[in-house]
Amino acid sequence: MDARRIDHVHLKIPEDEIEHAIEFYQGHLGFPLEGFEDYEEGDTPIFHFRLAPDTIIHVRPTEEFVHPERENFDHLAIILDEDIEDVKQELEDAGVIIEREGTPDGATGEAPAIYVRDPFGYLIEFKEPVSETA
């Protein structure tokens, strides 16, 4: 098997809180909403937010939503094409609480990162690209 990247992540959310998902992922984070008309028309049980040309977050509203617990889900890490200090300021300006900061190791190496929680309890790591001089 020769894996290249993650295509998508699939997150469940409460069925009655769709507007919070749109406000957070599209409004605060700036990820374009896609497939929502198909969801509203009942053609599909999901809609998604586009992070990059080849990466999306599927969102599935459900009555059976259970808040994620650290025992079975820790976080989703997203490498950004921006300086982490600029992202930090954008998030603070949008009223998004930054839970912690660090320089974690990941698939591309160590780089500065910040962690936020979405309205449903999912922890998201935003990571600066690894410096090519490192």
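What you see is a predicted model, and the numbers here were worked out from it, not measured in a lab.

Q: Just give me the short version of the pattern of salt bridges, but keep the residues and values in it.
A: A full pass over the atoms with the stated rule returns three salt bridges. The residue Glu 101 makes a salt bridge to Lys 88 at a minimum N-O spacing of 2.8 Å. Taken together, the positions of Glu 101 in strand E6 (residues 98-102) and Lys 88 in helix H3 (residues 84-93) put the pair 13 residues apart, joining distant regions of the chain. Look at Lys 88 and you get buried, because its relative accessible area is 18%. Across the pair Arg 117 and Glu 99 runs a salt bridge, and its minimum N-O distance is 2.7 Å. Here Arg 117, found in strand E7 (residues 113-117), pairs with Glu 99, found in strand E6; they are 18 residues apart in sequence, far enough to count as distant. For Arg 117, a relative accessible area of 35% gives the class partly exposed. By relative accessible area, which is 42% here, Glu 99 ends up partly exposed.

Q: Give a description of helix H1 (residues 18-28) that names residues and reports values.
A: Inspection of H1 places Ile 18, Ala 21, Ile 22, Phe 24 and Tyr 25 among the buried residues, and these make up the whole buried set. Following H1 by one or two positions, Gly 30 has its phi on the positive side, about 80°.

Q: I'd love a proper account of the side chain of Thr 62, names of residues and values included.
A: With respect to the secondary-structure elements, Thr 62 resides in strand E4 (residues 55-62). Judged by relative accessible area, Thr 62 falls into the buried class, the value being 9%. Ignoring sequence-local partners within four residues, the contact set of Thr 62 consists of Lys 12, Ile 13, Pro 14 and Glu 15.

Q: How would you summarise the sheet that holds E7 if you had to cite specific residues and measurements?
A: With mixed pairing, four strands are arranged side by side in an open sheet as E5-E8-E7-E6. Looking at strand neighbours, the two that pair on one side only are strand E5 (76-79) and E6, the edges of this open sheet. For this sheet, the mean angle separating the axes of adjacent strands, direction not counted, is 25°. Direction of pairing for E5 relative to strand E8 (residues 123-127): parallel, over a ladder of four bridges. Counted as the bridge partner of Ile 79 is Lys 127 from E8. Its contacts with the sheet place H3 against E6, E7 and E8, and it is angled at close to 20° to E7.

Q: Can you tell me about the pairing of E7, naming the residues and giving the values?
A: On any regular strand, side chains alternate: one points to one face of the sheet, the next to the other face. Extensive coverage of E7 is indicated by the burial of four of its five residues. Pairing of E6 with E7 involves four bridges; the strand directions are antiparallel. Within the sheet, the bridge partner assigned to Arg 100 lies in E7 and is Tyr 115. Two strands pair when backbone bridges link them, and E7 and E8 are joined in this way by five bridges, in the antiparallel orientation. Each bridged residue has a counterpart across the sheet, and for Ala 113 the counterpart in E8 is Lys 127. The hairpin turn running from E7 into E8, its antiparallel successor, is five residues long, and Gly 121 in that turn takes a positive phi close to 105°.

Q: Before we move on, could you go through the nonpolar core and cite the residues and values that matter?
A: Counting residues in hydrophobic clusters, the biggest one holds 30 residues, and the most contacted among them are Tyr 25, Leu 91, Val 116 and Phe 126. Per element, the largest residue contribution to this core is five residues, and it comes from H1. Excluding its chain neighbours within four sequence positions, the residues that come into contact with Leu 91 are Leu 29, Val 96, Ile 114, Val 116 and Phe 126.

Definitions and limits used
Residues numbered from 1 in each chain as written. Predicted model: local features only at pLDDT ≥ 70, side-chain atom pairs only at ≥ 80, totals over all residues. Heavy atoms only, no water. Salt bridge = Lys/Arg side-chain N within 4 Å of Asp/Glu carboxyl O. Helix = DSSP H or I, 4+ residues; strand = E, 2+ residues; numbered from the N terminus. Buried < 20%, exposed > 50% of the residue type's maximum accessible area, 1.4 Å probe, protein only. Contact = heavy atoms within 4.5 Å. Pairing = 2+ DSSP bridges. Axes fitted to C-alpha atoms, helices over the stretch in contact; angles between N-to-C directions. Core = buried A, V, L, I, M, F, W, Y, C linked by side-chain atoms within 4.5 Å.

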